[in-house]
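Breakdown of the fold
The chain contents come next:
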Amino acid sequence: MFAAERRQLILEMVRANGAVSLRELARVVQTSEVTVRRDVRALEAEGLLDRRHGGAVLPGGFTRESGFPQKSHLATAEKTAIADLAAGLVEEGEAIVVGAGTTTQELARRLARVPGLTVVTNSLLVAQALAHANRVEVVMTGGTLRGSNYALVGSGAEQSLQGLRVSKAFLSGSGLTAERGLSTSNMLSASVDRALVQAAAEVVVLADHSKLGTDTMFQTVPTDVITRLVTDESPGHDDRAATELQALADQGVQIAVAGASGGGTANGTGASGASGSEAVARQQRRDVPLPGPRRQVPGAGLRSAAAVGEQGGGAERGARVADLRRR
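Given the structure is predicted, the values throughout are model-derived calculations rather than measurements.

The rules we used
- Residues numbered from 1 in each chain as written.
- Predicted model: local features only at pLDDT ≥ 70, side-chain atom pairs only at ≥ 80, totals over all residues.
- Heavy atoms only, no water.
- Core = buried A, V, L, I, M, F, W, Y, C linked by side-chain atoms within 4.5 Å.
- Buried < 20%, exposed > 50% of the residue type's maximum accessible area, 1.4 Å probe, protein only.
- Helix = DSSP H or I, 4+ residues; strand = E, 2+ residues; numbered from the N terminus.
- Axes fitted to C-alpha atoms, helices over the stretch in contact; angles between N-to-C directions.
- Parallel < 35°, antiparallel > 145°, perpendicular 65-115°, else oblique.
- Left-handed = near helix turned anticlockwise from the far one by under 90°.
- Contact = heavy atoms within 4.5 Å.
- Nonpolar A, V, L, I, M, F, W, Y, C, P; charged D, E, K, R; others polar.
- Pairing = 2+ DSSP bridges.
- Expected span 1.5 Å × (residues − 1).

Concerning the nonpolar core
Judged by nonpolar contacts, the single largest core of 29 residues is most densely connected at Leu-176, Val-205, Val-221, Leu-229, Leu-248 and Ile-255. The set of elements that each furnish at least two residues to this core consists of β9 (166-171), α9 (187-198), β12 (200-206), α10 (239-250) and β15 (254-258). Considering each element in turn, this core owes the most residues, 4 residues, to α9. Core analysis: the next-biggest nonpolar cluster, separate from the first, contains 26 residues, Leu-89, Leu-107, Leu-111 and Leu-117 among them.

Given below as structure tokens:
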């Protein structure tokens, strides 16, 4: 494929989807990310698109929202890895809320085996993924169906969430920055997401690396409200992604990074504890160190104070036994 043909195809993909990762562009045009990055730089110089770390977006700084058919084919490996890791944060018997999105849909598929779980959602896709899980109770909001992402929005959805209290909210969006937090391109979706956040004690954002540094029109979750970000490993040359992650960590967000090629399997998902989701999370997670304590969030691979105390007590008992034997 000639350079002009590649760049035309790249431009068409960005116009159709609003935002596309370099990894996905390279896959479609069948060339290296280095070549694609050079093409994107040339298109940006012509004012046809804007570069973002790890991808390209429509010009003007604010991306428009893609429809479900386009989103479902973007960053599939990254979404799978993120969903595998996020599933390890859910415990048996919890009550959670799950927002709309293709990444949260992947998460829902992995929650089908969590015993005693209650999931409140405004997403038809999330509900469908859990429809045949006989040990999971699904509660849907009211509202008006928004066909582009199969989500219930509007005053009916927001009113049905009033008075609700759950342990965690799992949300995705169109963009995430340290300055503004999570954002989306649709006002109605943003309003429902804010209502979901109000119902939860902890907020977990699921966002692949292509969304880091992308800012869209409507803020849904300010940075200081985000408890944890679950994302994927960005390309090694993507310094801006690392900078954004560190900026989020500096503001107290706990960062868990899943390796897209690390091996999260479809059948190793579901219930935390008995299933393989926690093991997958421990294998794939790379926590960015935080500057200081902010929130205590139970999650995959995190040691509790009780576990530390038990370990210390075991060492002390062993010392007493050794002393008795010497006597």
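Topic: the packing of helix α5 (residues 76-87) against helix α6 (residues 102-110)
When two helices pack together, their arrangement is given by the angle between the helix axes and the distance between those axes. Remark: α5 packs on α6, axes separated minimally by 8 Å, with the N-to-C direction vectors making an angle of 50°. Relative to α6, α5 is oriented oblique. The two elements α5 and α6 cross, and the hand of that crossing is right-handed. Mapping the contact onto sequence places Lys-79, Thr-80, Ile-82, Ala-83, Asp-84, Ala-86 and Ala-87 in α5 and Thr-102, Thr-103, Glu-106, Leu-107 and Arg-110 in α6. Tallied by class, residues from the contact of α5 with α6 come to 5 nonpolar, 3 polar and 4 charged.

Things to note about the sheet that holds strand β10 (residues 175-177)
Ordered in space as β10-β11-β13, the 3 strands form an open sheet in which the pairing is antiparallel. Looking at strand neighbours, the two that pair on one side only are β10 and β13 (218-221), the edges of this open sheet. The average undirected angle you get between the axes of adjacent strands in this sheet is 40°. In this sheet, strand β11 (residues 181-184) lies alongside β10 in antiparallel orientation, the contact comprising 3 bridges. Bridge pairing links Gly-175 to Ser-183 in β11. Against the sheet, α9 makes contact with β11 and β13, and its axis sits at roughly 20° relative to β13, the strand it touches most.

Observations concerning α6
The element α6 is largely enclosed, with a buried count of 8 among its 9 residues. Burial in α6 covers these residues: Thr-102, Thr-103, Thr-104, Gln-105, Glu-106, Leu-107, Ala-108 and Arg-110.

Side note on the pairing of strand β14 (residues 228-232)
Burial of β14 is extensive: 5 of the 5 residues sit out of reach of the surface. Of the two faces of β14, the one holding Arg-228, Val-230 and Asp-232 and the one holding Leu-229 and Thr-231 are both buried throughout. Of the strand pairs in this sheet, β14 and β15 are connected by 5 bridges, and their pairing is parallel. Counted as the bridge partner of Leu-229 is Ile-255 from β15.

Notes on the environment of Leu-164
Positionally, Leu-164 belongs in the loop between α8 (155-160) and β9. Sequence spacing of Leu-164 and Val-97 is 67 residues, and the spatial spacing of their C-alpha atoms is 9.8 Å.

Thoughts on α5
Along an α-helix, residues three or four positions apart point the same way, because every turn accommodates 3.6 residues. The terminal C-alpha atoms of α5, which comprises 12 residues, lie 16 Å apart, in line with the 16 Å expected from a rise of 1.5 Å per residue. Among the 12 residues of α5, 9 are classified as buried, and the element is accordingly described as predominantly covered. When α5 is considered as a whole, its buried residues turn out to be Glu-78, Lys-79, Ala-81, Ile-82, Ala-83, Asp-84, Leu-85, Ala-86 and Ala-87.

Thoughts on the sheet that holds strand β1 (residues 19-21)
Strand order in the open sheet formed by 3 strands is β1-β3-β2, and the pairing between neighbours is antiparallel. Lying at the two open borders of the sheet, with one neighbouring strand each, are β1 and β2 (50-52). With direction set aside, neighbouring strand axes in the sheet form an average angle of 25°. Taken together, the 3 bridges between β1 and strand β3 (residues 55-57) define a ladder with antiparallel strand orientation. Bridge pairing in β3 places Ser-21 opposite Gly-55. Against the sheet, helix α2 (residues 22-29) contacts β1 and β3, and its axis sits at roughly 75° relative to β1.

Topic: unusual backbone geometry
Even without a glycine there, the phi angle at Gln-30 is positive, about 60°. On the basis of relative accessible area, Gln-30 is assigned to the exposed category, the value being 75%. Although it is not a glycine, Tyr-150 adopts a positive phi angle of roughly 55°. Along the chain, the position of Tyr-150 falls in the loop between β7 (144-146) and β8 (151-153). A residue is classified by how much of its surface remains accessible, and Tyr-150, at 36% relative accessible area, is partly exposed.

Side note on the pairing of β9
Taken residue by residue, a regular strand's side chains alternate between the two faces of the sheet. With 5 of 6 residues buried, β9 is to be regarded as a mostly interior element. Pairing of strand β4 (residues 95-98) with β9, which is carried by 3 bridges, proceeds in the parallel orientation. Looking across to β9, one finds that Val-97 is bridged to Ala-169. Direction of pairing for β9 relative to β12: parallel, over a ladder of 5 bridges. The partner of Phe-170 across the bridge, within β12, is Val-204.

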